[in-house]
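# Remarks on the overall topology
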Amino acid sequence: PSHTFTKITPGAAEVKKYTDPDLGLKEIQIEVKSEAQSVKVSVTKYDEKPAAVSIEKTGKTYQYIQIKVDNIGDKLDKAKISSKVKKTWVSDNGLNKEDVALFKYDESANKWNELTTTFNSEDDTYYYYDAEVTSFSYFAVSERVVVTATGEEVGVSDEKTTPTRDTGNTWIWIVVGVIVLAAIISGVMYKKRQ
């Protein structure tokens, strides 16, 4: 869907609300540094990675969204993007409401950057989140990413199921277990010989 604001003036945020139940957006608030006219906001949702984006978002992704804003140029001060995620999707993917964030695709670096995302509210169907941006691009409403000890990025849900590798004490207990087992076996064999 697209919407055109006739005029946006500094000091007052213009808000576009979205009611499509299948769109991961609740609203976009735009604030400008100087007056902007005929500002067109276009939103496209994708269930899979958009063809124009060369790298898949790590972890489980609720939805990819492209937000394109025309006729604003360098007049944009900031925008607040309010996203929404179905509660059933969060629970079906083994996530908590705190595990969801908004990510922005950085075309120059060819990577997804997690935006500072705050949980706002919830109703019977959705969790709502807010994130602030200073430019528009492709976005992903997705699970948060954690960096493992090896420097690899994985989704929060993968991290929860990945066993921790405690290389310190684990080997000691394995060695002790083997020695005890060997002692028991040799004791049984010694008794059988008598």
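Up top is the structure.
In every chain, residue numbers begin from 1 and rise along the written sequence. Predicted model: local features are reported for residues with pLDDT of at least 70 only, side-chain atom pairs are reported and counted for 80 or more only, and whole-chain, interface and lining totals are derived from all residues. Side-chain numbers here rest on the full set of heavy atoms in the structure, without hydrogens or water.

## With respect to the environment of Ser 82
Numbering of helices and strands runs from the N terminus; a helix is a DSSP stretch of H or I covering at least four residues, while a strand is a stretch of E covering at least two. Relative to the elements of secondary structure, Ser 82 occurs in strand S6 (residues 76-86). Accessibility here uses a 1.4 Å probe with only protein chains present; expressed as a share of the type maximum, an area under 20% marks a residue as buried, one over 50% as exposed, and anything in between as partly exposed. According to the relative accessible area criterion, Ser 82 is buried, its value standing at 4%. It is 5.5 Å that separates the C-alpha atoms of Ser 82 and Tyr 129, two residues lying 47 residues apart in sequence. Residue contacts for Ser 82: discarding those within four places in its chain leaves Leu 25, Lys 26, Glu 27, Tyr 129 and Asp 130. In terms of polar contacts, Ser 82 uses its side chain to reach the side chain of Asp 130, at 2.7 Å. Contacts between residues were defined by any pair of non-hydrogen atoms, one from each residue, lying within 4.5 Å. Identification of polar contacts relies on pairs of N or O atoms within 3.5 Å, with a donor-acceptor requirement for protein atoms, meaning one able to donate a hydrogen and the other able to accept it, and with residues adjacent in sequence counted only if both atoms are side-chain atoms.

## Some thoughts on the environment of Ile 8
Secondary-structure assignment places Ile 8 in strand S1 (residues 2-8). Considered as a pair, Ile 8 and Leu 76 are 68 residues apart in the sequence and their alpha carbons are 9.9 Å apart.

## Concerning the pairing of strand S4 (residues 36-46)
Paired strands are those between which DSSP finds at least two bridges. Of the strand pairs in this sheet, S1 and S4 are connected by six bridges, and their pairing is antiparallel. Bridge pairing in S4 links Thr 4 to Lys 40. With seven bridges joining them, S4 and strand S5 (residues 61-70) adopt antiparallel strand pairing. Opposite Tyr 46, over in S5, you have Tyr 64 as the bridge partner.

## A look at the pattern of salt bridges
Any Lys or Arg side-chain nitrogen located within 4 Å of an Asp or Glu carboxyl oxygen qualifies as a salt bridge. Enumeration over the complete set of coordinates arrives at seven salt bridges. Put simply, Lys 86 and Asp 22 hold a salt bridge, and the shortest N to O gap is 3.6 Å. Taken together, the residues span a long stretch of sequence, with Lys 86 in strand S6 and Asp 22 in the loop between strand S2 (14-17) and strand S3 (25-32) at a distance of 64 residues. A single salt-bridge network, built from bridges that share partners, covers Lys 87, Lys 97 and Glu 122.

## Here's the deal with the packing of aromatic side chains
A pair of aromatic rings is counted whenever rings of Phe, Tyr or Trp (Trp by its six-membered ring) have centres within 6.5 Å, and the orientation is called stacked for planes under 30 degrees apart, edge-to-face for over 60 and tilted otherwise. Taken as a whole and judged by the stated rule, the model has seven aromatic pairs. Ring plane angle 50° and centroid distance 5.6 Å describe the contact between Tyr 64 and Trp 112, whose orientation is recorded as tilted. Taken together, the residues span a long stretch of sequence, with Tyr 64 in strand S5 and Trp 112 in strand S8 (residues 111-114) at a distance of 48 residues. There is no split in this pair, since Tyr 64 and Trp 112 are both buried. Seen in terms of ring centroids, Tyr 105 and Trp 112 are 5.2 Å apart; in terms of plane orientation they differ by 50°. Their pairing is tilted. Classification of Tyr 105 by relative accessible area gives buried; the value is 5%. Trp 112 gets classed as buried once you look at its relative accessible area, which sits at 11%. Here Lys 84 stacks its cationic end above the ring of Tyr 126, 5.0 Å away from the centre of that ring. Note on geometry: a ring has a charge over it if NZ (lysine) or CZ (arginine) is within 6 Å of the ring centre and within 35 degrees of the ring normal.

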